[in-house]
Amino acid sequence: MNLHSLKTALCAALIFFSEAAHGHRFHAGITDISMNARTGNTEIVHTYMSHDVEALLENLYQRQFDLSDSDDIAVFRNYLEKQFQLKNAQGENLKVQWVGLKIDPDNVTVFQEIVKTNLPEIAVIKQATLTDFLADQVNTININHSNATRPQTLQFSRQQSEHTLQ
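Residues numbered from 1 in each chain as written. Predicted model: local features only at pLDDT ≥ 70, side-chain atom pairs only at ≥ 80, totals over all residues. Heavy atoms only, no water.

Novice: Talk me through the pattern of salt bridges; I want residue IDs and the actual numbers.
Specialist: Enumeration according to the criterion identifies 2 salt bridges in this entry. With a closest N to O distance of 2.9 Å, Glu-81 and Arg-77 form a salt bridge. Separated by 4 residues within a single helix, Glu-81 and Arg-77 lie in helix α3 (residues 70-83), roughly one turn from each other. For Glu-81, a relative accessible area of 29% gives the class partly exposed. (Salt bridge = Lys/Arg side-chain N within 4 Å of Asp/Glu carboxyl O. Helix = DSSP H or I, 4+ residues; strand = E, 2+ residues; numbered from the N terminus. Buried < 20%, exposed > 50% of the residue type's maximum accessible area, 1.4 Å probe, protein only.)

Quick look at the structure:
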């Protein structure tokens, strides 16, 4: 192998490994909000990238977290409940109840609900989860109204952490 071929191969390898080392180049969360007609509850499902949640918690508390441990789940729950809030038309926080958490190597999925509350009663949504830690974090919320043909989609970022529903 000549020197030029060796340099080309080395350059290609460096480019490949530098891209791989950066991991994913975007940070996103998805939340689905819908009314369960059977129970009368508003159901909320958040999905975040596992390594973003772990990095946030490690950065905040300077230790490793295990989201299968109930104490560590409580820490994350406390954080999420401050960052995600729903308010009614009077500006009062709605009581969003924690239902549970599911983790896998790629995602952290959080289940919440508002008991006996219809979607139209929600006036303001705050979704700032991970935006305080990751400047380019984008959170998308899909609101599935039972009478709508398509969900209403809202985007949240560090610059815009609240939306008022129309």
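On we go from here.
Novice: Can you tell me about the nonpolar core, naming the residues and giving the values?
Specialist: As a rule of thumb, soluble globular proteins bury nonpolar side chains together. Ranked by internal contacts, the top residues of the largest apolar core, which has 30 residues, are Phe-76, Leu-86 and Ile-125. Looking at this core, the elements that each hand over two or more residues are β2 (41-49), α2 (50-61), α3, β3 (84-87), β5 (107-114), β7 (137-144) and β8 (152-156). Apart from the residues within four sequence positions on either side, Ile-125 is in contact with Ile-33, Phe-84, Gln-85, Leu-86, Ile-141, Ile-143, Leu-154, Phe-156, Ser-161, Glu-162, His-163 and Leu-165. (Core = buried A, V, L, I, M, F, W, Y, C linked by side-chain atoms within 4.5 Å. Contact = heavy atoms within 4.5 Å.)

Novice: So what's going on with the packing of aromatic side chains? Residues and values would help.
Specialist: On inspection of all chains with the given rule, the structure shows 2 aromatic pairs. With a centroid separation of 5.6 Å and 55° between ring planes, the pair formed by Tyr-61 and Phe-65 is classed as tilted. Taking relative accessible area as the criterion, Tyr-61 reaches 41% and is therefore assigned partly exposed. Take Phe-65: its relative accessible area is 10%, and that puts it in the buried class. Centroid distance Phe-76 to Tyr-79: 6.4 Å. Interplanar angle 25°. Geometry classified as stacked. Pair noted here: Phe-76 and Tyr-79 are both in helix α3, with a separation of 3 residues, about one helical turn. Comparing Phe-76 with Tyr-79 shows no difference in burial state: the two are buried. (Phe/Tyr/Trp six-rings, centres within 6.5 Å; stacked < 30°, edge-to-face > 60°.)

Novice: An account of the sheet that holds strand β1 (residues 27-36) is needed here, citing residue identities and associated values.
Specialist: Judged by pairing direction, the sheet is mixed, and its 6 strands sit side by side in the order β4-β5-β2-β1-β7-β8 without closing on themselves. Across the chains shown, the open sheet's two edge strands, defined by having one partner strand only, are β4 (97-103) and β8. Taking each pair of neighbouring strands and ignoring which way they run, the sheet shows an average axis angle of 15°. (Pairing = 2+ DSSP bridges. Axes fitted to C-alpha atoms, helices over the stretch in contact; angles between N-to-C directions.)

Novice: Account for the environment of Leu-56, with residues named and values stated.
Specialist: By secondary structure assignment, the location of Leu-56 is in helix α2. Judged by relative accessible area, Leu-56 falls into the buried class, the value being 1%. Along the sequence, Leu-56 and Leu-134 sit 78 residues apart, while their C-alpha atoms lie 8.4 Å from each other. Contact partners of Leu-56, with chain neighbours within four places excluded, come to Tyr-79, Leu-130, Asp-132 and Phe-133.

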